[in-house]
Each structure stands twice: as structure tokens, then as C-alpha cells.
Amino acid sequence: MWQQILPGLRIKLFMTLLLGVIYPLAITGISQVLFPHQANGSLIEQNGKVIGSELIGQNFAKAEYFQPRPSAAGNDGYDPTSSSGSNYGPTNQKLVDRVKASIDKFRKDNPDDSGPLPADLVTASASGLDPHISPASAAAQAARVAKARGVSPDQMNTLVAKLTEGPDLGLLGEPRVNVLKLNLELDRQFPKK
Amino acid sequence: MTSSGVVQILLFFALILACTKPLGAFMARVFDGERTFLHPVLRWLEVLTYKIIGVQEEVEQRWTQYTAALISFSIFGFLLVYFIQRAQGFLPFNPQGFNAGNVSPDLAFNTSTSFITNTNWQAYSGESTLSYFVQMAALTVQNFASAAAGIAVAIALVRGFVRQEKKTIGNFWVDVTRATVYVLLPMSIVAALLFCSMGVIQNLHGYTSVVTVEGAKQVIAQGPVASQEAIKQLGTNGGGFFNANSSHPFENPTPLSNLLQMFLIFVIPGALTYTFGKMVKDTRQGWAIFAAFSVMFFAGVIVAYNSEQAGNPILSHLGIESAATAGQAGGNMEGKEVRFGIASSALFATVTTDASCGAVNSMHDSFTPIGGLVPMFNIMTGEVIFGGTGAGLYGILLYCILAVFIAGLMVGRTPEYLGKKIEQKEVKMAMLAIIATAFSILVLSAISTVIQFPAKGYWNPPGAAIANINNSGPHGFGEILYAYVSGSGNNGSAFGGLNANTPWFNLTIGLAMFMGRFLFLIPLLAAAGSLAAKRKVPTSTGTFPTHGPLFVGLLVGTVIIVGALTFFPAIALGPVVEHYLMNSGKLFSAISTAAAGFLG
């Protein structure tokens, strides 16, 4: 019996060394050399300070910024130390209440926009950290942002179109707009006076 | 369904189909001990492993010894994962200073069980619980180990069909070593670096504290993610580095990385059908199984995709665009990421539950009732739609045994499969495996919907077990049912709203995982032993061919009927009734803990 049991302990210790220490450390070393930007979290620096990651969404509440989707990560949303969706089922009263509140707030903030709202703009993402909104969700906010920054809606639409990413390789996933990148570009091109 | 959605699904399937033969043939050579193109580079590591663990490559094992080895392998894995978690405060690579206080004994038990059984259920939330060392040395290692064990058992079962009048079915240690050295490790290295190039993080520093554009503080969790992400998918493990799993942008940053993840989940289970065909010297047998897999896969993805694209009528009435347009995906976007939209989310949910992976890129709890039923039903079948690495093949072979048995009953002949007479012992063992899973799902779910605990007590601080649900009404029952389905099926995905990190749920879901893994594997190995001892009977005109469309249909029918009949009442009480209630606009408010005596 022992001859079946002892190898279990030995192989587990060996695997821990090989696959639990050497393998991840080797991958860390290689990726730090080949892909340092990605491996460290695709961080964005401004004036020498890190202001976020291009892959991680952050809260924007001011009228002059495009706003992200509702987030269930942490108490205030967009907390990368507690990534999570709302996990509300389709018949949950809380889901409907939250969506209603988002719609009301959106209508109040964006009186110029009418028509049905894009689904992603009033629903919480799976991670709570979704860095993107759909192009339609950006378009719906464009008039508000343009007004807050004193530029024409056309200029705003052009900027949104410029920052819209198509599906990967032309066919994978969905077209999308990175909210943080868009807002940083806004500050560069149309700084708020 | 949009045309781009359909194209994505077909492209994914084409990739799997294209890799089935080359990878399958490669694995057949590996497990027959023949030389491959990787031997010049990696043979030394294989030999070194045998030397270190003290195993002779040529010595084979009977099924009982093979099982003992498997159990020993799993028990030491369990102990290591348990103690590394509890001792994390004293171990290196722990910049956030997590300690035993973050991992209660019941949570550590649950996670250890989860990772040795290839379930990878997450009662923990990685970024706020586990140090980098635990993620690497405990969880990543088990991701390899449980997948390698799954492949080993599948190969041993196939040997049972191939051999005649033999007492042995191979050597567990050799099979596990070969699976790791030649298949899992090289593919993981390539995949990890690809992931990294796409934006998956891989570092060891502490969390990055930033001040956002609007001046708020944001702490960005970091870690060695890419190395774990690769084997998490390739080994159909599915335990995320982060709580949000593959929906987290650091685990799955782009639609391209998403395609790679799904590819990794299916590629080994798909290829093993060819390995099987090659080993039994009739590749048509393997393709027949591949065809059965494909039929069930497409059925699932079509239903899930349509339901999610149709969306939630209750929200549509509030003035939300539910149809897909050029600028937005429409449908049910609650719990989904913009970059994946509806198609890639529904496809991922189908793939991850067809296989025993359980990684998620969208929150199944927020799916529409029928959209959420697809993942649940996929797991209920026993994960035999491509299935887990190894687990899919041994699971479907068990259904093949049942299918020929049923066919044999219909025509009154002794059933045969691949020239082996299927007799009392094999059928008993197959049924034992299926009943064990059903028992653990249904009995444990039933208990959890009625059991009461004192509030603030040890077993379940919120009180009654159903006080832990996040949604009331039939959906709340669905959360509990899904938890035990996922545990018993060794899947690991969840209706994540259930607060499963209490001693009651940690221990019972842990028990479900044990039953689902070992009461499935041990009967199978027993069947392998008994099959290997038999002589082959020559094919005659009365032999039922097991490579044609008729057999594929019979096999799919057996899977669906055994799955559906066993679980139909539970499904009817959960997602089915919820579907009709949703369409009639019925909403459910939270039930108070005091009133939580019954559901809804």
C-alpha cells in the first residue's frame, strides 16, 4: 500500500516547486521583459502620477465627463479590491428599482436625449469594473458633455467616433468606447474653462 | 441572434474542430509512451519526475492500485492546499498581508476540496482573501494536478476497452506525469504569454493605489494572474484569481483573449475524442462522440443566446433598447461586459458549463431564466458535452455504456461496446456514478431549502439556510440548486448571489464536490478494471455499430433523458416557473430573515 501512497506526497511537493513556484515566476520574469506595460496592469500616467488603468473602469459623476455603467463592485462602485456583479435575477424588485433610478437620473441629466436607452448604460456589468460603454451609450451622453464643455455636438461626436474601438479582428466581441481614455482625451482637446 | 454573433460561434467551433485531430493524435502517442516532437526537449523532466517520486515507468497497476494512487494524490493535494491557505500569513509573496483570519477553517476546507476535485468553486474572493503565494503554490498547482488526474482516469478507462485479459490498466503516476509534462505545461506556458500580451497582468507587487481623474482613491488589485489563467482554462478548472473571474478585465481583457479562453476550455476535451478513437484503433468511434458533443453544444448555445438576446421584458417596458443595433448589443446586459456583449457571453456560459470549467465572463445569476437554465442543465448532464479535461471523455464513455445497454434491452441482446460485453458489473458501476451525483444534488438542495439555524450561530450566521440567497422567489431556489449542481458536477460556476461562505454551505458544497468526484471516478475505474480483464468478442451482423448517426442519436437521447428525468421537478420549480413569472411581469422583494421559513 505504501508504495502507492508515498509517491503522492513526493509528487505533490515536486509539483508545488515546479508548477507553483518555478512556472509562475518564470512567466513573471518573461512577461516583465516582453510585456511590461500589460503585465503591470496597463496603467495610465499623467504628469508622472498613475491615474488609473486603461482596463479598469472608474467613477465619473460630473456632467463634463462621460459616465460609466452602474457598478456593483464595492460600496461606491468601481472598487477593484471587490470585483463583482449585482447578481440580481431578472425578477428581483431591487434590479427594477435600481434600473428605474438610473433611467430617471439619466433623463434628468440629459434632457436633449430621447428614445430608448442602450441596455448597457443602465445595467451593472459582471465585474463591476467594466472600462467600456457601447458607442450608443456614448452618443446618448454626447450632447450633455458638449454643452458642459462649451463645444459643438459635432465636435463631440467626432471625438467619440475617433475613440470607438471596433470588434477585435473585425468580428470578435462588440464595438466599444473606453470611458477613461475618452475622458482623458476630452480634457486634452477641450479643457474645461 | 445577430450575424456577427453567429460568426463568432462558428469560428470558435471551427478552431476546436481543426485542433481535434492533431492534438488528439499527439496525446495518443504521449499516453502510449511513444516519442513525440516534444521528447527531445522535455523527456528529461519526465524521467526526473519518476526519479524524484520513486516510480518505475514500466510497472503497471491494477484498478485498485490505480485508485489508491489517485486517492493518495488527491489527499496530499488537499492537505497542502489547506495548510498553505491557513499559513499564508507566514509565507512569502504576500504584499497585502493576508493571514489565517482571512481564511476560516471551513472556507479553507471548501477551497481545498474544490481545487482537488477540479471544481474550483469560489466561496472565497481572491483579491481580498488569498496571498500571491497561495494562488501560485496551492491553487495553480492543483489546477494542473486535478486536470492531469482527470486525463489519467480517462486514459485508464480507454485502456479497459483496448486490452484483453489483462489485470492492469496503466500506471497512474506515469499518466499524470505525462499529462503534465507534455500536454498541460507546454500549452500553459504559450497561453500565459499570449494572455499577457493581450493585457492579462503578471506581477508580484502590492496593489496599486491611484487617485482617479475625478480625485477619488482607487486601489487596483494586482498579482500573477496570466500563469494561473492559462491552466485555469486549459485544465477546465475555472477558479478565478479575482472574485469576478473571467469577467474581470485583468483576467480577460479583450474579445480576443475571451476567444483564447474558450478555446483552451474545449481543446483538450475535444481532442481526447480523437485520442480515444486512435487508442481503440477506430477513429470513427471518436468522431461519433465528437458529433454527440457538438449536437448538444449547439443546442445549448442557441437557446442561451436567443434567451439572452431577447432580454428581460420587465426592463424593456421601462424604455430600454432590447434589440441589438449597430451601436449597442441590446438584450439582457445585467451582469455582462460591454466588450463581450450578448453573443460572447452566452457562448462562454455554454462552453464553461458544457465542460466542467466553471469560469464565467458574465454573471449567470443575472441571466434570464431560460438563459440561466442552459448552464444549469449542461452541468446536470454530468458535463459530458465536451466535458472537463479527461472528465468529459470518461463521463461520455459511461453514457455510452448505458446507451448500448438500453439498446441491448430493446432488442434483447447482450450489449457490446467496442467488442467488450457490457454486463452486470459495468452497468451497475455506471448507474452508481450517475445516482451518486443526482443524490448529492437533489438531497443537499432539498435540505438547504428547509433547514433552520439560529441567527448569528456558528453554522449559518444569517439564520435559515435560505436567508443566504440574494434573490427571492423561484430564482432564490435556483441559486441553491445551482450551488449543489455546480459542486456535484465539479463545475464551479455559480449563481453568485448566494452567500455560500458560511460553515453550512462550505461543508455541504464541499461534500457535494467529494461525492461528485470520487463516487464518479472510483466506479469508473472499477469498470475499467473489469473491462480490461474481458476478452473481445468478434463483431458479427448482430453487433450494434457505435460509430453511426443512429448511435449518436441514441447517445444524445440517453444523456438528455437521464439528465432531464432526474432533475425535471427541480428545474420546473426553479427556472421554468420563473420564466413564466418574468413574462407576466411578476417581481419579488427580499424576504426578511425572520420570515424565511419557506421560499417566495
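Rules and cut-offs
- Residues numbered from 1 in each chain as written.
- Chains lettered and ligands numbered in written order.
- Predicted model: local features only at pLDDT ≥ 70, side-chain atom pairs only at ≥ 80, totals over all residues.
- Heavy atoms only, no water.
- Domains from an automatic or database assignment.
- Contact = heavy atoms within 4.5 Å.
- Buried area = accessible area lost by both parts, 1.4 Å probe.
- Salt bridge = Lys/Arg side-chain N within 4 Å of Asp/Glu carboxyl O.
- Polar contact = N/O pair within 3.5 Å; in protein donor to acceptor, adjacent residues only side chain to side chain.
- Helix = DSSP H or I, 4+ residues; strand = E, 2+ residues; numbered from the N terminus.
- Buried < 20%, exposed > 50% of the residue type's maximum accessible area, 1.4 Å probe, protein only.
- Axes fitted to C-alpha atoms, helices over the stretch in contact; angles between N-to-C directions.
- Parallel < 35°, antiparallel > 145°, perpendicular 65-115°, else oblique.
- Nonpolar A, V, L, I, M, F, W, Y, C, P; charged D, E, K, R; others polar.
- Core = buried A, V, L, I, M, F, W, Y, C linked by side-chain atoms within 4.5 Å.
- Expected span 1.5 Å × (residues − 1).
- Bend = angle between axes of the 7 residues up to and from the residue.
- Phe/Tyr/Trp six-rings, centres within 6.5 Å; stacked < 30°, edge-to-face > 60°.
- Pairing = 2+ DSSP bridges.
- 1 Å grid on protein atoms, 1.4 Å probe; cavity = no way out; pocket = protein on both sides within 12 Å on 5 of 7 lines; lining within 4 Å.
- Points joined across faces, edges and corners; volume = space filled by probe spheres on them.
- Patch = residues over 30% accessible without salt bridge, like charges linked within 9 Å, V, L, I, M, F, W, Y side chains within 5 Å.
- Areas by Shrake-Rupley, 256 points an atom, 1.4 Å probe, with all protein chains shown as cover.
- Left-handed = near helix turned anticlockwise from the far one by under 90°.

Let's talk about the domain arrangement of chain A
In terms of domain boundaries, chain A breaks down into domain 1 (2-36) and domain 2 (43-189). Between the C-alpha centres of domain 1 of chain A and domain 2 of chain A the distance comes to 41 Å.

Comments concerning the interface of chain B and chain A
Taken together, the 118 residues of chain B in the interface contact 98 residues of chain A. Here chain B packs against chain A, burying approximately 8600 Å² in sum over the two surfaces, 66% of which is carbon and sulfur. Linking chain B with chain A are 2 salt bridges, by the criterion used here. Among the salt bridges present, the one from A:Arg98 reaches B:Glu334, with a minimum N-O distance of 2.6 Å. Linking chain B with chain A are 51 residue pairs in polar contact (both at pLDDT 80 or more), by the criterion used here.

Points about unusual backbone geometry
Residues and elements named next belong to chain B. Even without being glycine, Phe386 reaches a positive phi, approximately 70°. Inspection of the secondary structure assignment puts Phe386 in the loop between α12 (369-380) and α13 (391-411). Assessed through its relative accessible area of 0%, Phe386 is described here as buried. Its identity as a non-glycine residue notwithstanding, Asn490 has a phi of 55°, on the positive side. Along the chain, Asn490 turns up in the loop between α15 (474-488) and α16 (503-532). Overall, the relative accessible area of 7% leaves Asn490 in the buried class.

Describing the packing of helix α14 (residues 424-450) of chain B against α16(B)
Between two packed helices, what matters for the description is the angle formed by their axes and the separation of those axes. Residues and elements named next belong to chain B. Axis separation between α14 and α16 bottoms out at 8 Å; the angle between their running directions is 175°. With respect to α16, the axis of α14 lies roughly antiparallel. Contacts between α14 and α16 involve Lys425, Glu426, Met429, Leu432, Ala433, Ala436, Thr437, Phe439, Ser440, Leu444, Ile447 and Ser448 from the former and Trp504, Phe505, Thr508, Ala512, Met515, Leu519, Phe520, Pro523, Ala526, Ala527, Ser530 and Leu531 from the latter. Here the contact of α14 with α16 is built from residues that sort into 17 nonpolar, 5 polar and 2 charged.

Points about the side chain of A:Ser86
All names here are of chain A. For Ser86, the position within the fold is in the loop between β2 (49-53) and α3 (93-109). Looking at Ser86, the relative accessible area reads 11%, which means it is buried. Among the polar contacts listed, one links the side chain of Ser86 to the backbone nitrogen of Tyr88, at a separation of 3.1 Å.

Topic: the nonpolar core
Among the nonpolar cores identified, the biggest contains 170 residues, and B:Phe172, B:Ile268, B:Phe297, B:Leu397 and B:Tyr417 are the most heavily contacted of them. Both of domain 1 (2-36) and domain 2 (43-189) of chain A provide at least three residues apiece to this core. With near-sequence residues (within four places) excluded, B:Phe297 lies in contact with B:Phe12, B:Phe13, B:Phe266, B:Leu347, B:Thr350, B:Val351, B:Asp354, B:Ile385 and B:Phe386. Counting residues in hydrophobic clusters, the runner-up holds 35 residues, among them B:Leu130, B:Ala464, B:Ala465 and B:Ile509.

Here's the deal with helix α1 (residues 3-31) of chain B
In an α-helix there are 3.6 residues to a turn, and that puts residues three or four apart on one side. All names here are of chain B. Over its 29 residues, α1 runs 41 Å from end to end, which matches the ideal 42 Å to within 8%, given 1.5 Å per residue. Thr20 marks the point of greatest bend in α1, at about 40°, and the proline Pro22 comes within the next four residues. Positive phi appears at Gly33, one or two residues downstream of α1, with a value of about 75°.

Some words on the packing of aromatic side chains
All names here are of chain B. A full pass over the atoms with the stated rule returns 36 aromatic pairs over all chains. When the ring of Tyr66 is compared with that of Phe172, the centres are 5.5 Å apart and the planes differ by 85°; the resulting orientation is edge-to-face. With Tyr66 in helix α3 (residues 63-86) and Phe172 in helix α6 (residues 172-198), this residue pair connects regions lying 106 residues apart in the sequence. According to the relative accessible area criterion, Tyr66 is buried, its value standing at 0%.

Section: the side chain of B:Gln61
Locating B:Gln61 in the fold gives a position in the loop between α2 (39-53) and α3. Judged by relative accessible area, which is 3%, B:Gln61 ranks as buried. Here B:Phe172 takes part through its backbone nitrogen, which lies 2.7 Å from a polar atom of the side chain of B:Gln61. For B:Gln61, the contacting residues outside a window of four places in its chain are A:Gln4, B:Tyr66, B:Ala69, B:Thr168, B:Ile169, B:Gly170, B:Asn171, B:Phe172 and B:Trp173.

A closer look at helix α17 (residues 549-583) of chain B
All names here are of chain B. Counted at 1.5 Å a residue, the expected span for α17 with its 35 residues is 51 Å, but the 38 Å between its end C-alpha atoms falls short. Along its length, α17 reaches its greatest deviation from straightness, about 60°, at Phe568, and the proline Pro569 lies no more than four positions downstream. Downstream of α17 by a residue or two, Gly585 has a phi angle that is positive, lying close to 80°.

Quick notes on the pairing of strand β2 (residues 217-220) of chain B
Side chains of β2(B) alternate between two faces, with B:Gln218 and B:Ile220 buried and B:Lys217 and B:Val219 left unburied. The hairpin turn running from strand β1 (residues 208-211) of chain B into β2(B), its antiparallel successor, is 5 residues long, and B:Gly215 in that turn takes a positive phi close to 90°.

As for empty space enclosed by the protein
All names here are of chain B. Scanning all chains against the criterion turns up 9 cavities of 30 Å³ or more. Contributing to the lining of the largest cavity are 16 residues, with Gly382, Glu383, Gly489, Asn490 and Gly516 lying nearest its centre. Listed by contribution, the elements that provide at least two residues to the lining of the largest cavity are α13 and α16. Quantified by volume, the second largest cavity comes out at close to 100 Å³. Forming the boundary of the second largest cavity are 13 residues, of which Met380, Tyr399, Ile434, Thr437 and Phe567 lie nearest the centre.

Structural notes on a nonpolar patch on the surface
A surface patch of nonpolar side chains, about 390 Å² in accessible area, is lined by A:Leu169, A:Leu171, B:Val7, B:Leu11 and B:Leu15. Its location among the elements puts A:Leu169 in the loop between β5 (164-165) and β6 (176-178). Relative accessible area serves as the criterion here: at 68%, A:Leu169 is assigned to the exposed category.

Side note on the sheet that holds strand β4 (residues 132-133) of chain A
All names here are of chain A. Ordered by their spatial adjacency, 3 strands build an open sheet running β4-β6-β5, and the pairing between neighbours is antiparallel. Looking at strand neighbours, the two that pair on one side only are β4 and β5, the edges of this open sheet. When β4 meets β6, the two strands line up antiparallel, connected through 2 bridges. Looking across to β6, one finds that Ile133 is bridged to Val177.

A closer look at the environment of B:Ala329
Within the secondary structure, B:Ala329 sits in the loop between β3 (320-321) and α11 (341-354). For B:Ala329 and B:Leu373, which are 44 residues apart along the polypeptide, the C-alpha to C-alpha distance reads 22 Å. Those residues in contact with B:Ala329 that sit more than four places away from it in its chain are A:Glu174, B:Gln309, B:Ala323, B:Ala324, B:Gly341 and B:Ile342.

Considerations on the packing of α13(B) against α14(B)
Residues and elements named next belong to chain B. Their axes nearest at 9 Å, the elements α13 and α14 cross at an angle of 125°. Classified by the angle between their axes, α13 and α14 sit oblique to one another. Crossing angle aside, the handedness with which α13 passes α14 is left-handed. Contacts between α13 and α14 pair Leu398, Tyr399, Ile401, Leu402 and Phe405 from the former with Glu426, Val427, Ala430, Met431, Ala433 and Ile434 from the latter. A breakdown of the residues in the contact of α13 with α14 according to their chemical character gives 10 nonpolar, no polar and 1 charged.

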